[in-house]
Amino acid sequence: MPYVIRIHNDAGYVVLPHTHAEDENVVVVRGNWYLGAGERFDSSSLQRLEPGAYGFVPRRMSHFAWSESATTIQVHGIGPFSTDWVQAVYDLTASGVAHVTAGGRPGTPVPAAPTGCFTLEVGTTVRTRFGKGRVIGGLCSPSSQLTQYRIQNDDGDHFWATAEKLEKQ
C-alpha cells in the first residue's frame, strides 16, 4: 500500500544507520537535513538537503542522517514502512536503558548499557552550542561509537547533541 509520513527531527539529531524493506523517497519540508550512506555514521559523507530537496534511498541500503536544525521530512513509498537498525542501538530513558532493534518499536530493557555508552544520566545539566538544558534521554550505538543525548532547555524546547559536544554543568 502507498504511504506518506512526516518525520520531525529536533536540531542536532543523528539518525543512526538503518535500512528499510522498501524504497524511501524523501522530501525536506523544513530545516536542513543531511543524508549519507553506509553501515556506520560518517559525518564527512553527509550530503545537504535544503527545503524542497528530494532524496532517494533504495530498499535495503544502509543509510543515516543528521538534522542541522529542527527538521521535517516527508517520506513516501509503497509500504508497509519499517526501520531496522544496522548496528545495536540502546535507548536511555528515565526508566532505564533498553536495547532497540527497530525504529518506532519499544526496546527490551537491559540491566545496563554497554561500557562507554552513556556517561551522563537523565537529569544531568549540560551546555552545548544550542544552549543550556538537561538530559531527558539518549541513544547509543556502540559499533558506530556514537552516543547522543536529547536535551530540554528551560523554554521546553528539545535538541540533541553528541557526547563529545556536551559540557557537563
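Just so you know, these numbers come straight off a predicted model, no measurement behind them.

(A) Focus on the packing of aromatic side chains. Inspection of the entire model under this criterion finds six aromatic pairs. Measuring from ring centre to ring centre gives 5.2 Å for Phe41 and Phe64, while their planes differ by 65 degrees; the resulting arrangement is edge-to-face. Here Phe41, found in the loop between β4 (33-37) and β5 (47-49), pairs with Phe64, found in strand β7 (residues 63-67); they are 23 residues apart in sequence, far enough to count as distant. For Phe64, a relative accessible area of 0% puts it in the buried group.

(B) Quick look at the pattern of salt bridges. What the rule picks out here adds up to three salt bridges. The residue Arg48 makes a salt bridge to Glu50 at a minimum N-O spacing of 3.1 Å. Residues Glu68 and Arg48 are paired through a salt bridge, measuring 4.0 Å at the closest nitrogen-oxygen approach. In this pair, Glu68 sits in the loop between β7 and β8 (71-78) while Arg48 sits in strand β5, placing the two residues 20 residues apart along the sequence. With a relative accessible area of 25%, Glu68 lands in the partly exposed category. We classify Arg48 as partly exposed; its relative accessible area is 41%.

(C) Up close: the side chain of Asn25. Tracing the chain through its elements places Asn25 in strand β3 (residues 24-30). A relative accessible area of 13% places Asn25 in the buried class. Separated by 2.5 Å, the side chains of Asn25 and Tyr54 make a polar contact. Beyond its immediate chain neighbours, meaning those up to four positions away, Asn25 contacts Tyr54, Gly55, Phe56, Gln74, Val75, His76 and Gly77.

(D) How the structure looks around the pairing of strand β10 (residues 96-102). In this sheet, β10 lies alongside strand β9 (residues 84-93) in antiparallel orientation, the contact comprising six bridges. Within the sheet, the bridge partner assigned to Asp84 lies in β10 and is Ala102. Linking β9 to β10, which pair antiparallel, is a turn of two residues. As paired elements, β10 and strand β11 (residues 108-110) share three bridges and run antiparallel to each other. For Ala98, the partnering residue across the bridge sits in β11 and is Pro109.

Here is what the cut-offs are and how they apply
- Residues numbered from 1 in each chain as written.
- Predicted model: local features only at pLDDT ≥ 70, side-chain atom pairs only at ≥ 80, totals over all residues.
- Heavy atoms only, no water.
- Phe/Tyr/Trp six-rings, centres within 6.5 Å; stacked < 30°, edge-to-face > 60°.
- Helix = DSSP H or I, 4+ residues; strand = E, 2+ residues; numbered from the N terminus.
- Buried < 20%, exposed > 50% of the residue type's maximum accessible area, 1.4 Å probe, protein only.
- Salt bridge = Lys/Arg side-chain N within 4 Å of Asp/Glu carboxyl O.
- Polar contact = N/O pair within 3.5 Å; in protein donor to acceptor, adjacent residues only side chain to side chain.
- Contact = heavy atoms within 4.5 Å.
- Pairing = 2+ DSSP bridges.

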